[in-house]
Amino acid sequence: MRLSLISSALLLVGGGAIAGAPRVEPSDATHADIGTQIVRFVSGVAGYARWPNSSDTHRLCVAGESAYLRDAPARLSRIGGRVWPVREIALDEVDATAGCDLLYLGTLSVAQKRKLFAETGGRPILTISEDNPECADASMFCLAIRDGGVSLLTNLDSISRSGIRINPKVLQLVRRKQALP
Amino acid sequence: MSPMPPATPGKMPLGLVLHRANMRLALLALTMAGTSIFLVGLIALRVYMIDNLVLSAHGVAYGVEAAVVFNDREAIDESIAKMVANRPISSVRIFDRDGNELAHWRRPEDDSWGRAKVERLLADMLFPAPATVQIEHDGRAVGTVRLYGSGQDMLIYLLIGIGCGVFCLLPSGLIASRFSRQASKEIIEPLQHLAAVAAKARRERQFGHRATPMAIAELDALRDDFNALLEELATWQTQMVSHNASLTHQANHDPLTELANRAYFDARLAAELSDRGCAARAALFFIDTDHFKDINDELGHEAGDAVLRTIARRLRSQVREGDLVARIGGDEFAVLLTPLANISQASRIAAGMLDTMKEPIALPTGKSPTVSFSIGIAFYPDHARDSASLMKKADEAMYQSKRAGRGTYLVASAATPSEKS
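Residues numbered from 1 in each chain as written. Chains lettered and ligands numbered in written order. Predicted model: local features only at pLDDT ≥ 70, side-chain atom pairs only at ≥ 80, totals over all residues. Heavy atoms only, no water.

> Explain the overall build of chain A to me, please; I cannot follow it from the model alone.
Along chain A, the regular secondary structure elements total six helices and eight strands. The order of α-helices and β-strands along chain A, N terminus first, is α-α-β-β-α-β-β-α-β-β-β-α-β-α. For chain A, buried positions account for 52% of its 181 residues. At a minimum sequence separation of 6, the contacts of chain A that also span at least 24 residues come to 62%. Within the structure as shown, chain A displays about 8300 Å² of accessible surface, and the carbon and sulfur contribution to it stands at 56%. (Helix = DSSP H or I, 4+ residues; strand = E, 2+ residues; numbered from the N terminus. Buried < 20%, exposed > 50% of the residue type's maximum accessible area, 1.4 Å probe, protein only. Contact = heavy atoms within 4.5 Å. Areas by Shrake-Rupley, 256 points an atom, 1.4 Å probe, with all protein chains shown as cover.)

Listed below in structure tokens is the structure:
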């Protein structure tokens, strides 16, 4: 019941997002460019996020398969972002997200996602799901990869429930795009 | 009094000199004040504009931060356009961390009347370098904002400044001119007044006019001295007139008897005869005191003088207002009766004269001698037409009268050899 309510709200927001979300040179974007852009988004969102424990270094956990985030540290250093420790988590572990500040959700089944969201719910873990143009689940940020470009979407409901403070600049930037027809 | 008296050719009127000096001073003061205010304004404006440019750069850096972090060029362009739309900025450039240009925004140029060129020139003068600010995110530099200022505000300031300068110069000049004329007038009018009084004194010899009090202290002091000078001149003039009058009197009168003297009598006789022409008759008496020498010898000169004074008084008492009695010698008198209605009138007067001398003359010494006259009478124009001949006729008649036995009068004979010749 509750889930469906959220979903409908996200549909509204996400629906607009597809049309004109931030993207990087869609025409000549290569696989590597998309990877760089995704890393940029992840690093940027992390830079605008304030965790309640306010530790300086943030641990990035990657769940599921992601072709783009494999060489994330190298890409991060290339774009001048902060280099974080990246850890791939085992999906069958109980409480796999313990010790994660950011959780990047790659290609996952619905059941796997549900398990992970059940774990992160109520914890200050910033969730970003890859290739989720609807952004209709409990992810705080979603990426939509279209026409060789990447768009960033937000789920304000999840953000407000996470306890992580997101700088309104990001929200403004994303909302501006989402508001466009 | 005319406001500006005609100046001597080649000489400048005082009003013009004062006015020119005042106007030059006013113009200089206005220009100096205007220029200094303008320059101070220019400097202050430049400082503010540079500050403003840096502030704008910070604003742009803040505004585009997220867009730069997410490498969203569209969002960058939009943010820039929104932030610099109404600011004096000609162009904005955004670079990423590696120096790649992410955005380049340029204000569309309005090139009417070469305005863009002037603005660019002013911008180059005002802002030698663009305002450069780093875009920071999460404690790291993610890019750079470079803002190029526009000369638009400066151009407006310059135009307004020059406009105001010209606009203020006109009324200020007019007011200064008015004040100057008023001040000149305050100085010139008293001087003109002084000049008018001086001219009147010189031309008309009227020393009665005095310059009125003046507002300016120095001029008032000058007026005081001037008035005192006029006073002295007036005194001198009066003294001179009376002195002249007394000299004239002395020259024309006998001091003993106060009768006219010979010179005056001759002049008056000549004047009367020449004025008269043949219109009216005049009579000339030549009177000699009988035996006057004896009085002098026997009673002394003082008695003689007293006798002469009495004779003079008595002679005068017998003639009319316009007639002239003169002492022309020691004991000789002459009388001119004019105008004369008829000959009998002269005879009556002569008889009256002889008659009045019958009364003894009381002297201070107690003696009272009786004196008699011999009178010779000649008529104009009957006996002669010129004064010399007339005198001669009367003189001859007097001698005849003396020979005839003193104490009588005798009218000159009608024809004489001298008149005939």
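> When you look at the confidence of the model for chain B in this model, what are you seeing that I'm missing?
Residues and elements named next belong to chain B. Summarising the model, chain B shows a mean pLDDT of 86, and 95% of its residues fall at 70 or more. Averaged pLDDT values for the elements of chain B fall to 41 in helix 11 (residues 417–420) and rise to 93 in strand 6 (residues 324–327). Per-residue pLDDT stays below 50 along residues 416–421; that stretch engages in nine contacts with residues further than four places along the chain or on separate chains. Interface predicted TM-score (ipTM) for the complex: 0.73; the corresponding pTM is 0.57. (pLDDT = per-residue confidence, 0-100.)

> Would you take a moment to explain the side chain of Asn296 of chain B for this structure?
Within the fold, Asn296 of chain B resides in helix 7 (residues 292–299). Every residue in contact with Asn296 of chain B, bar those within four places of it in the chain, is listed here: His301 and Gly304 of chain B.

> What's the story with the state of the cysteines in this structure? I'm lost.
Chemically, a disulfide is nothing more than a covalent bond linking the sulfur atoms of two cysteines. In the structure shown here, the tally under the stated rule is two disulfides over all chains. Here Cys61 of chain A engages in a disulfide with Cys100 of chain A; their sulfurs sit 1.7 Å apart. The chirality of the disulfide connecting Cys61 of chain A with Cys100 of chain A is left-handed, given an S-S dihedral of about -100 degrees. Of this pair, Cys61 of chain A sits in strand 2 (residues 60–63) while Cys100 of chain A is found in the loop between strand 3 (86–88) and strand 4 (102–105), placing the two residues 39 residues apart along the sequence. Taking relative accessible area as the criterion, Cys61 of chain A reaches 0% and is therefore assigned buried. What pairs with Cys135 of chain A in a disulfide is Cys142 of chain A, and their sulfur atoms sit 1.8 Å apart. Judged by the sign of its S-S torsion, about 70 degrees, the cystine formed by Cys135 of chain A and Cys142 of chain A is right-handed. Overall, Cys135 of chain A belongs to the buried group, its relative accessible area being 1%. In chain A, the bonded cysteines, numbered by position in the sequence, are linked as 1-2, 3-4. Note on Cys164 of chain B: no disulfide assigned, nearest cysteine sulfur contributed by Cys168 of chain B at a separation of 5.6 Å. (Disulfide = S-S within 2.5 Å.)

> Just to check I follow, could you spell out the sheet that holds strand 7 (residues 332–340) of chain B for this structure?
Strand-to-strand pairing in sheets goes through backbone hydrogen bonds, with the strands running parallel or antiparallel. Residues and elements named next belong to chain B. Pairing within the open sheet is mixed, and its five strands lie in the order 6-7-5-8-9. The open sheet has two edge strands, strand 6 and strand 9 (409–411), and neither has a second partner. Ignoring strand direction, the axes of neighbouring strands in this sheet form an average angle of 20 degrees. Note: strand 8 (residues 373–380) against strand 9, three bridges, orientation parallel. Each bridged residue has a counterpart across the sheet, and for Gly376 the counterpart in strand 9 is Leu410. Lying over the sheet, helix 9 (residues 343–356) contacts strand 5 (281–289), strand 7, strand 8 and strand 9, oriented at roughly 165 degrees with respect to strand 8. The strands that helix 10 (residues 387–403) touches are strand 5, strand 8 and strand 9; relative to strand 8, the one it contacts most, it runs at about 145 degrees. (Pairing = 2+ DSSP bridges. Axes fitted to C-alpha atoms, helices over the stretch in contact; angles between N-to-C directions.)

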